[in-house]
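# Analysis of the macromolecular model
The chain contents come next:
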Amino acid sequence: YIHETDKTAADVPVEALVASVPVLVGQVCDRVLEEWDYTKVDDLTDRIARAYQVLRQRFPVAYWSPVARESEKVLEEFLVSPLAQDLAKCRILGREVPFVYAVDGRVMRGSIDILFRKGDRLWVADYKTDRLPLDQAVLHAQRYEQQGRAYVEAVQKALGEKCGFQVIYLRLGVPVDVVKNDGS
């Protein structure tokens, strides 16, 4: 086996460390929300620290101080939003749900951030931490339509039920329906 020496922050250009911050903020938020109980008050700082410990093993050279600060800010604001309160009233059926299915001789695979039932409607959603103005959210969310259709198809194949897809913008505290629950 070839063993590469561990990199230190000194071995990586500052630009690369700073550029990784938004990606890592998204990963920390995903890890925290994977286990979050929207119906209870929990220790957010502890949850972020646990996510940070796991991710630090995968990304030992990352610029972690701003990642921790930004993740906490994003999650603190999101978890008091009306959307988070709305999710507390939903029946959450799964988080980080892996799927795999064949389509046109290819394999489609992925992992759904959250699968939930709101009233009599089934939804899959993907959390996003993008920075954007509220008035651009609908247009921005359209870039995830192909991803959403793959998620919807996976759920429909597994459960035999119509499903919709939303992008949940954590910084804005809003969901954007990309694939309607009626299949459109």
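Refer to the preceding data block for the structure.
Residues numbered from 1 in each chain as written. Predicted model: local features only at pLDDT ≥ 70, side-chain atom pairs only at ≥ 80, totals over all residues. Heavy atoms only, no water.

### Let's talk about the sheet that holds strand 2 (residues 106-118)
The condition is simple: Note on pairing: two strands pair once DSSP finds at least 2 bridges between them. Put simply, DSSP marks the helices as runs of H or I at least four residues long and the strands as runs of E at least two long, and each gets a number from the N terminus on. For helices, the fitted axis covers only the stretch in contact; all axes are lines through C-alpha atoms, and the angles between them, taken along N-to-C directions, range from 0 to 180 degrees. The contact definition used throughout considers only heavy atoms, calling two residues in contact when any of these lie within 4.5 Å.
Within the open sheet, the 5 strands sit side by side as 1-2-3-4-5. Their pairing is mixed. Either end of the sheet is taken by a strand with one partner, and the two such strands are strand 1 (91-103) and strand 5 (174-179). Pairs of neighbouring strands in the sheet enclose a mean axial angle of 40°, with direction left out of account. Summarising the sheet, strand 4 (residues 164-169) and strand 5 pair through 5 bridges and their orientation is antiparallel. Looking at strand 5, one finds that Y169 is bridged to V174. Contacting strand 1, strand 2, strand 3 (121-128), strand 4 and strand 5, helix 6 (residues 145-159) runs over the sheet at an angle of about 140° to strand 3.

### Here's the deal with the pairing of strand 3
Heads up, the rule is: Relative accessible area decides the class of each residue, using a 1.4 Å probe on protein chains only: under 20% of the type maximum gives buried, over 50% gives exposed, and in between gives partly exposed.
Within strand 3, 7 of the 8 residues are buried, which leaves it mostly tucked inside the rest of the structure. Pairing of strand 2 with strand 3, which is carried by 5 bridges, proceeds in the antiparallel orientation. Residue F116 lies in a different strand from strand 3, and its bridge partner there is W123. Hairpin connection between strand 2 and strand 3: a loop of 2 residues separates the two successive antiparallel strands, and G119 in this loop has a positive phi of roughly 65°. Looking at chain direction, strand 3 and strand 4 are connected through 6 bridges and run parallel. Bridging across to strand 4, Y127 finds its partner in I168.

### A closer look at helix 3 (residues 64-79)
Applicable threshold: One fewer than the residue count of a helix, multiplied by 1.5 Å, yields its expected span.
Between its first and last C-alpha, helix 3 extends 22 Å over 16 residues, near the 22 Å set by a 1.5 Å rise per residue. Of the residues making up helix 3, those classed as buried are W64, P66, V67, E70, S71, V74, L75, F78 and L79.

### Quick look at the pattern of salt bridges
This is how it is decided: By salt bridge we mean one thing: a side-chain nitrogen of Lys or Arg within 4 Å of a carboxyl oxygen of Asp or Glu.
By the definition in use, this model includes 10 salt bridges. The residue E153 makes a salt bridge to K157 at a minimum N-O spacing of 3.6 Å. With E153 and K157 both in helix 6 and 4 residues apart, the pair spans about one turn of that helix. Relative accessible area serves as the criterion here: at 30%, E153 is assigned to the partly exposed category. Taken together, the salt bridges that share partners define one network made up of E70, R131 and R171.

### Focus: the environment of A49
Its place among the elements puts A49 in helix 2 (residues 44-58). Using a relative accessible area of 34% as the deciding quantity, one classes A49 as partly exposed. Residues A49 and A68, 19 residues apart in the sequence, show an inter-C-alpha distance of 7.9 Å.

### Overview of helix 2
Every α-helical turn comprises 3.6 residues, leaving residues that sit three or four positions apart pointing alike. Defined as follows: N or O atoms closer than or at 3.5 Å make up a polar contact, with two conditions inside protein: a donor-capable atom paired with an acceptor-capable one, and, for residues adjacent in sequence, both atoms drawn from side chains.
Over its 15 residues, helix 2 runs 21 Å from end to end, which matches the ideal 21 Å to within 8%, given 1.5 Å per residue. Of the residues that open helix 2, the one with a side-chain oxygen 3.2 Å from the backbone nitrogen of T45 is D43.

### Digging into the nonpolar core
To be explicit about the condition: Definition used in this section: a nonpolar core is a set of buried Ala, Val, Leu, Ile, Met, Phe, Trp, Tyr and Cys residues joined via side-chain atoms within 4.5 Å.
Membership of the largest hydrophobic core comes to 31 residues, with the highest contact counts inside it found for L33, Y38 and F78. Per-element accounting of this core gives the leading share, 7 residues, to helix 1 (residues 14-35). Setting aside anything within four residues of it in sequence, one finds Y38 in contact with L33, F78, L79, A84, L87, A88, I92, R95, I114 and Y127. Judged by nonpolar contacts, the second largest core, of 23 residues, contains Y144, A150, V152 and F165.

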